[in-house]
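Next come the chains, spelled out residue by residue.
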Amino acid sequence: MRQDSRLSRMLHVLIHMAEAEKPLTSDAIAMMLNTNPVVVRRTMGGLRDAGYVHSEKGHGGGWTLARPLADISLLDVYRAVGEPDVFAIGSAYDRPECLVEQAVTAAVDDALRDAEALLLRRFKEVSLADLAADFGRRLQGHRPCGTAD
């Protein structure tokens, strides 16, 4: 199963938006993500509808943050991009007839529900400001490739 990267990609974009000195166009974001501007507009539309970004059309327009990073959590972005499946594993059948498969399905589904609830609680605790601060710390200690120690 292919991984759904909408959450991580939009978190990436939002941090760049906070650092940008001007609005970012869909074309610029698409280049950053190596995707199509239509995909960017569709995904950013969910963030706009949730009130996290603003879009301005025309010359000099583009996407800007509508809220401070501290007011946006990973959970907020997760919900705004459509709550993609957290796990790629799951039951083989929706309603298995085999009693063994029923027992397996019940155990796996219970564990996945618990794990997802824990993950979403953690997403709620982490703000985009936390991500930006971590980026800043990493940037401070970064040395370009090929430089001597």
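About the thresholds
Residues numbered from 1 in each chain as written. Predicted model: local features only at pLDDT ≥ 70, side-chain atom pairs only at ≥ 80, totals over all residues. Heavy atoms only, no water. Salt bridge = Lys/Arg side-chain N within 4 Å of Asp/Glu carboxyl O. Helix = DSSP H or I, 4+ residues; strand = E, 2+ residues; numbered from the N terminus. Buried < 20%, exposed > 50% of the residue type's maximum accessible area, 1.4 Å probe, protein only. Axes fitted to C-alpha atoms, helices over the stretch in contact; angles between N-to-C directions. Parallel < 35°, antiparallel > 145°, perpendicular 65-115°, else oblique. Contact = heavy atoms within 4.5 Å. Nonpolar A, V, L, I, M, F, W, Y, C, P; charged D, E, K, R; others polar. Core = buried A, V, L, I, M, F, W, Y, C linked by side-chain atoms within 4.5 Å. Expected span 1.5 Å × (residues − 1). Left-handed = near helix turned anticlockwise from the far one by under 90°.

Participant: Help me understand the pattern of salt bridges in this model?
Facilitator: Pairing of side chains with opposite charge becomes possible as their charged atoms draw close. Following the criterion strictly, the structure yields six salt bridges and no others. In this structure, E125 engages R122 in a salt bridge whose closest nitrogen and oxygen atoms are separated by 3.5 Å. Of this pair, E125 and R122 both sit in helix α5 (residues 99-125), separated by three residues, roughly a single helical turn. You can call E125 exposed: its relative accessible area is 56%. Take R122: its relative accessible area is 47%, and that puts it in the partly exposed class. A salt bridge links R138 to D134, with the shortest nitrogen-to-oxygen separation between them at 2.9 Å. You can see R138 and its partner D134 sitting in helix α6 (residues 128-140), four residues apart, about one turn around the helix. Through salt bridges with shared partners, a single network forms among D134, R137 and R138.

Participant: Where do I start with the packing of helix α1 (residues 6-19) against helix α3 (residues 37-49) in this structure?
Facilitator: The axes of two packed helices give the description: the angle between them and the distance between them. Remark: α1 packs on α3, axes separated minimally by 12 Å, with the N-to-C direction vectors making an angle of 70 degrees. With respect to α3, the element α1 is oriented roughly perpendicular. Contacts between α1 and α3 involve M10, V13, L14 and M17 from the first element and T43, M44 and L47 from the second. Here the residues of the contact of α1 with α3 sort into six nonpolar, one polar and no charged.

Participant: Can you walk me through the nonpolar core in this structure?
Facilitator: Note that soluble globular proteins tend to have their nonpolar side chains buried in a common cluster. M10, M17, I29, M44, L47, V77 and L128 are the most contacted members of the largest nonpolar core, which totals 29 residues. Counting residues per element, the ones that place at least two in this core are α1, α2 (26-33), α3, α4 (74-80) and α6. Ignoring sequence-local partners within four residues, the contact set of M17 consists of L24, M44, V53, W63, T64 and L65.

Participant: Explain α1 here, please?
Facilitator: Spanning 14 residues, α1 covers 20 Å between terminal C-alpha atoms, matching the ideal 20 Å at 1.5 Å per step. Inspection of α1 places L7, M10, L11, V13, L14, I15 and M17 among the buried residues, and these make up the whole buried set.

Participant: Is there a simple way to explain the packing of α1 against α2 in this structure?
Facilitator: Where α1 contacts α2, the two axes come as close as 11 Å, and the packing angle between them is 125 degrees. Classed by the angle they form, the pair α1 and α2 counts as oblique. Handedness of the α1/α2 crossing: right-handed. On the side of α1, the interface is formed by R9, M10, H12, V13 and H16, while α2 contributes I29, M32 and L33. Split by residue class, the contact of α1 with α2 holds five nonpolar, two polar and one charged.

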